[in-house]
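Fold and geometry: a report
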2 protein chains.
Amino acid sequence: MAAAKNVLWIMCDQLRFDYLSCAGHPRLHTPNIDALAARGVRFTRAYVQSPVCGPSRMSFYTGRYMRSHGSNWNGFPLRAGEPTLGDHLKDIGVRNVLVGKTHMKADIEGMARLGVDPGSIIGVHVGECGFEPFERDDGLHPDPAPRPRYDVYLREQGFDAPNPWEHWANSAEGADGGILNGWLLAHADKPARVPEEHSETPYMTRRAMDFIAAAADDDRPWCLHLSYIKPHWPYIVPAPYHDMYAPDDVPPAVRAEQERQHPHPVYGAFMDFRVSRNFADDAVRRGVIPAYMGLIKQIDDQLGVLFRFLAARGLTDSTMIVFTSDHGDYLGDHWLGEKDLFHDCSAKIPLIIADPSPAADATRGSVCNALVEAIDLAPTFLEFFGGTAKPHVMEGASLLPWLHGRRPAAWRRCVFSEYDYSMQEARLALNQPIADCRLFMVFDGRWKYIHATGFRPMLYDLVADPDEFHDRGADPQFAPERDRLRNALLDWALRDHNRITMPDARIAPYAGRQQLKSGILIGYRDEAEVAQAKARLGLA
Amino acid sequence: MAAAKNVLWIMCDQLRFDYLSCAGHPRLHTPNIDALAARGVRFTRAYVQSPVCGPSRMSFYTGRYMRSHGSNWNGFPLRAGEPTLGDHLKDIGVRNVLVGKTHMKADIEGMARLGVDPGSIIGVHVGECGFEPFERDDGLHPDPAPRPRYDVYLREQGFDAPNPWEHWANSAEGADGGILNGWLLAHADKPARVPEEHSETPYMTRRAMDFIAAAADDDRPWCLHLSYIKPHWPYIVPAPYHDMYAPDDVPPAVRAEQERQHPHPVYGAFMDFRVSRNFADDAVRRGVIPAYMGLIKQIDDQLGVLFRFLAARGLTDSTMIVFTSDHGDYLGDHWLGEKDLFHDCSAKIPLIIADPSPAADATRGSVCNALVEAIDLAPTFLEFFGGTAKPHVMEGASLLPWLHGRRPAAWRRCVFSEYDYSMQEARLALNQPIADCRLFMVFDGRWKYIHATGFRPMLYDLVADPDEFHDRGADPQFAPERDRLRNALLDWALRDHNRITMPDARIAPYAGRQQLKSGILIGYRDEAEVAQAKARLGLA
């Protein structure tokens, strides 16, 4: 009997597309991720549907754009009844399992309206956006938020504190032995207090292995979402990773003075954020980015452990392995910190897929520059497991054709991404109504057009200006490109996305004959006309 | 104690805006509806969100555009979890009760996914789109569809048959005593076989009175949706209404020969429908429209009965009465039958609201030409009952300000309507992909712009061309109007409509201070910067 097919879906949080050696990073060596790329396809133009954790992840987990799932920001509950990848996999007998972060917030009000008990099996499925939570840990645990199992683990190892996550895994120590707050950029150059083996990334890796080992007793195939919080801030990493990279290993910031001259108002408001102002200072970059690189290096090392574990269990040949991230990190590029806007370092993600199927042999080690969206993963997994595509629900497209070296007959011409800044200080700074705090990116592979409700658009030519320094949004010379992409945005915005209860296959047969078969006679003049129509359709 | 406030929400099916004497019909006298208009406000520019039963009604019942609720066509289930007027009223202790038609189809698959038993109290609420079904009857009952209670009623009155609805209420008799199929236009001039008192309109009126009488024993206020199937086809009415109007009472068709010359492809495809070809024949119009008028006259008479009943029970002063329709009927105008497109006789509806509140005294008997949408009714009712507005869920706006003689500070500049013709033969005739069978109307009070995916737009100037004979969609002279309305369409299409789990009131306080209070410190450089920020916000 062939081994069950499985998917191991690894996601980092806030990992830029270009902080991997296979993607060309000059100093950071990630041999295990590179080896995965050598066994699979590395997609070079994969974009998230919203460059911030919560909505980006809800798009990954539903296969639907942000405008469709409606969870526009971290902590905005995904509505009860929104179909998830987990629903589709459950229908075909595949477990959809979580180890790590989803950023899901349950729609308790919606569940109550539907009489769904949050503690029931269905309630947990709905409340965890379709995942079976082997271990749920969103990775940020300030006081007094609900505590993760990792706290218990740390205490078991002897690392006690009111908040072990913060005080051991995300704090440093001063020369005087005092606790230094790991949330603060100033302390990024120090080692976290926790020994490396007990820090979050190895812990989550072991939890993934715990699940895989336990799943051997279960016939069902699985899709395991191993979702690391790192290299997301707090930017702090335990020894030896804390000083594995030096300030001189930090690539120079990708920014130009002209970007600060008369910027687009929304861009300007984001440049004015505290985090952006801090990252504009090279001293901050040189202190923080080595820790960011160390966190990535630690992940790569742990993936080595994990991949060897899979191989030892004989699972490599039956497991599709996916490596990606939920968005990038500006790290001072473009005078910005964090993510949120649509420059490539924020909205473009690393994406590597190694499909063990023989059909994928022809593409191993190759690079694919097709325009890919995060919402493509859910349909990819569904097809990999043999499920029927659901384009009326999932708005992405399966990547299997690309993995198998077949160019799809039709493929999207643009990728889309959205952002809702109503929770950001930019709303106040720009005095925007909540409903108008919206940005939309359309990128066709060359031109990146950004629609900003209430403002002029932005426009970048990534061929002439790969660093995205020159905003052509107000330049009359580029009106044709703006018009074209604005039309693409209109087409996208008008496209159906909520007709989720009716597949095309049930629509297709109706127009020709079903109506007459139903016995509802619309607009027939007389008996003769009905008889003619029935005869024409071959009905009795 | 003041009497509980109630709403009596009367809906006709397929009633044109102009087939009432208060709206100027030259031959049809509707004194009871006119009297309601004299007590309330008649809205002259009310548009449905889709000119066909199912999606139009789902917009009425949710307060949301078709693109938002996703039930694009008759029989497309409204997704489980889609918030309805009934949900919002239930939250404030108001019963939302149905007598008659909704065209709702339950989302059995979605309910199963959520573990909702369709037979449970919540299951019925969800499956009936938020209504308590005192009597559910969608009004079209060919063999072998599920049978209505009305069948039982007819049998109790001695009108037996395998299908009493069809054979008594919607058939005529030939000279030879044979049954004549009432679905057929040819028989519209004959009386239905059922005696008038046992026909559908008086039956439903009595059922409404049954509910109102029974509700006297219940403290809860109610919103009663009395939803007549008529004057929807089958176009057949019992005596004496069948010959109350003569062929010469039929207004001439509003159509021009030029409309058939080089029509827009979508319009042309609809003109080619069987029902349109039949209504293009004046013989059909002169046979059918007197029956249509008789059906309306019967409704008006029954509303007289109902209004006297309310008065006798002392309910008139506490009951808001609303009279409207789910869309119109071309009846041969513009060379079309049925509804489906956006000419006023299809997409514009009658809407009369009589609010008993003293605040509405100033507007009684007036006409309001504000741009109104069907989705405005749900928020109107919620406000009337004292509920809190939910603009993040309901996309319409309460009409109470207009009813109380206050012009809202901000009001929409355009109304929008949508149509999905994937279930129509036009899809085949035009060889359109299912997803592209979409039309969108934008009307600003003068210009009516119709976006047809895959085709050029249509454009009508209702000031210069009130009969909508001249399509300016390809005329270079009107490019500025097209561009302006296309921009309005883009703004509308990009507007949020699925962020239903997060009200503005929970977003508003975040940007300024909540983030710091949460303990998540983003981008702070050091302790001093945190201390400064806390001091600025007055946090400990």
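Residues numbered from 1 in each chain as written. Chains lettered and ligands numbered in written order. Predicted model: local features only at pLDDT ≥ 70, side-chain atom pairs only at ≥ 80, totals over all residues. Heavy atoms only, no water.

With an unreviewed UniProt entry as reference, chain A is termed Alkaline phosphatase family protein, source organism Limobrevibacterium gyesilva.

1. Notes on the packing of helix H9 (residues 200–215) of chain B against helix H12 (residues 282–312) of chain B
All names here are of chain B. Where H9 contacts H12, the two axes come as close as 9 Å, and the packing angle between them is 15°. Regarding the angle of H9 to H12, the classification is roughly parallel. Along this stretch, H9 crosses H12, giving a crossing that reads as right-handed. Of the residues in H12, those touching H9 at Thr201, Pro202, Thr205, Met209, Ile212 and Ala213 are Gln298, Ile299, Gln302, Val305, Leu306, Phe309 and Leu310. Classifying every residue of the contact of H9 with H12 by side-chain character gives nine nonpolar, four polar and no charged. (Axes fitted to C-alpha atoms, helices over the stretch in contact; angles between N-to-C directions. Helix = DSSP H or I, 4+ residues; strand = E, 2+ residues; numbered from the N terminus. Parallel < 35°, antiparallel > 145°, perpendicular 65-115°, else oblique. Left-handed = near helix turned anticlockwise from the far one by under 90°. Contact = heavy atoms within 4.5 Å. Nonpolar A, V, L, I, M, F, W, Y, C, P; charged D, E, K, R; others polar.)

2. What to know about the sheet that holds strand S12 (residues 415–420) of chain A
All names here are of chain A. Spatially, four strands are ordered S12-S13-S14-S15 in an open sheet, and the strand pairing comes out antiparallel. In this open sheet, the two strands that pair with only one neighbour each are S12 and strand S15 (458–461). Between one strand axis and the next, the sheet turns by 15° as a mean value, whatever way the strands run. Examined bridge by bridge, strand S13 (residues 438–443) and strand S14 (residues 447–452) share five bridges and lie antiparallel to one another. Across the sheet, residue phenylalanine 440 finds its bridge partner in S14, namely histidine 451. (Pairing = 2+ DSSP bridges.)

3. Remarks on the interface of chain A and chain B
Counting from both sides, the interface comprises 86 residues of chain A and, opposite them, 86 residues of chain B. Taken together, the two surfaces of chain A and chain B that pack against each other cover about 7700 Å², and 57% of this comes from carbon and sulfur. Our count for the chain A to chain B interface comes out at ten salt bridges. The residue Arg113(A) makes a salt bridge to Asp87(B) at a minimum N-O spacing of 3.9 Å. Counting across the chain A and chain B interface gives 41 residue pairs in polar contact (both at pLDDT 80 or more). By residue number, the principal contributor to the side of chain A that touches chain B is helix H17 (residues 479–494) of chain A, which donates seven residues. Of the residues assigned to the side of chain A that touches chain B, the class counts are 39 nonpolar, 22 polar and 25 charged. (Buried area = accessible area lost by both parts, 1.4 Å probe. Salt bridge = Lys/Arg side-chain N within 4 Å of Asp/Glu carboxyl O. Polar contact = N/O pair within 3.5 Å; in protein donor to acceptor, adjacent residues only side chain to side chain.)

4. A few points about the environment of Pro290(B)
Residue and element names in this part refer to chain B. Mapping proline 290 onto the fold places it in helix H12. Separated by 179 residues in sequence, proline 290 and phenylalanine 469 place their C-alpha atoms 25 Å apart. Setting aside its immediate chain neighbours within four residues, proline 290 contacts Tyr245, Ala246, Pro247, Val250 and Arg285.

5. A word on the pattern of salt bridges
Pairing between side chains of opposite charge can happen when their charged atoms approach one another. All names here are of chain A. Applying the stated criterion across every chain, the model contains 88 salt bridges over all chains. With a closest N to O distance of 2.9 Å, aspartate 13 and arginine 57 form a salt bridge. You can see aspartate 13 sitting in the loop between strand S1 (6–12) and helix H1 (31–39) and its partner arginine 57 sitting in helix H2 (residues 53–62), a full 44 residues away along the chain. Aspartate 13 gets classed as buried once you look at its relative accessible area, which sits at 0%. Put simply, lysine 230 and glutamate 200 hold a salt bridge, and the shortest N to O gap is 3.7 Å. Of this pair, lysine 230 sits in the loop between strand S7 (222–227) and helix H10 (265–271) while glutamate 200 sits in helix H9 (residues 200–215), placing them 30 residues apart in sequence. Like lysine 230, the residue glutamate 200 is buried in the burial classification. (Buried < 20%, exposed > 50% of the residue type's maximum accessible area, 1.4 Å probe, protein only.)

6. Some remarks on unusual backbone geometry
Omega for the bond connecting Lys230(B) with Pro231(B) falls within 30 degrees of zero, at 5°, which places this linkage in the cis form. Checked against the element boundaries, Pro231(B) lands in the loop between strand S7 (222–227) and helix H10 (265–271). The backbone of His262(A) sits at a positive phi, close to 50°, despite the residue not being glycine. Mapped onto the elements of the fold, His262(A) is located in the loop between S7 and H10. For His103(B), which is not glycine, the phi dihedral falls at a positive 70°. Here His103(B) lies in the loop between strand S3 (95–100) and helix H5 (108–113).

7. Topic: the domain arrangement of chain A
Once the domains are mapped, chain A shows domain 1 (6–493) and domain 2 (509–536). Placing a centre on the C-alpha atoms of domain 1 of chain A and another on those of domain 2 of chain A gives a separation of 53 Å. (Domains from an automatic or database assignment.)

8. Digging into the packing of aromatic side chains
All names here are of chain A. Summed over the entire model, instances satisfying the criterion amount to 54 aromatic pairs over all chains. Ring centres of phenylalanine 211 and tryptophan 222 lie 5.7 Å apart, and the angle between their planes is 80°; this geometry places the pair in the edge-to-face category. Residue phenylalanine 211 is located in helix H9, and its partner tryptophan 222 is located in strand S7; the two are separated by eleven residues in the primary sequence. Here the two residues phenylalanine 211 and tryptophan 222 agree in accessibility, since each one is buried. (Phe/Tyr/Trp six-rings, centres within 6.5 Å; stacked < 30°, edge-to-face > 60°.)

9. Description of the side chain of Glu135(B)
Residues and elements named next belong to chain B. Position of glutamate 135 among the secondary structure elements: in strand S4 (residues 132–136). Taking relative accessible area as the criterion, glutamate 135 reaches 3% and is therefore assigned buried. For glutamate 135, the residues in contact, after removing those within four places along its chain, are Leu98, Val99, Gly100, Arg149, Tyr150, Tyr203, Met204 and Arg207.

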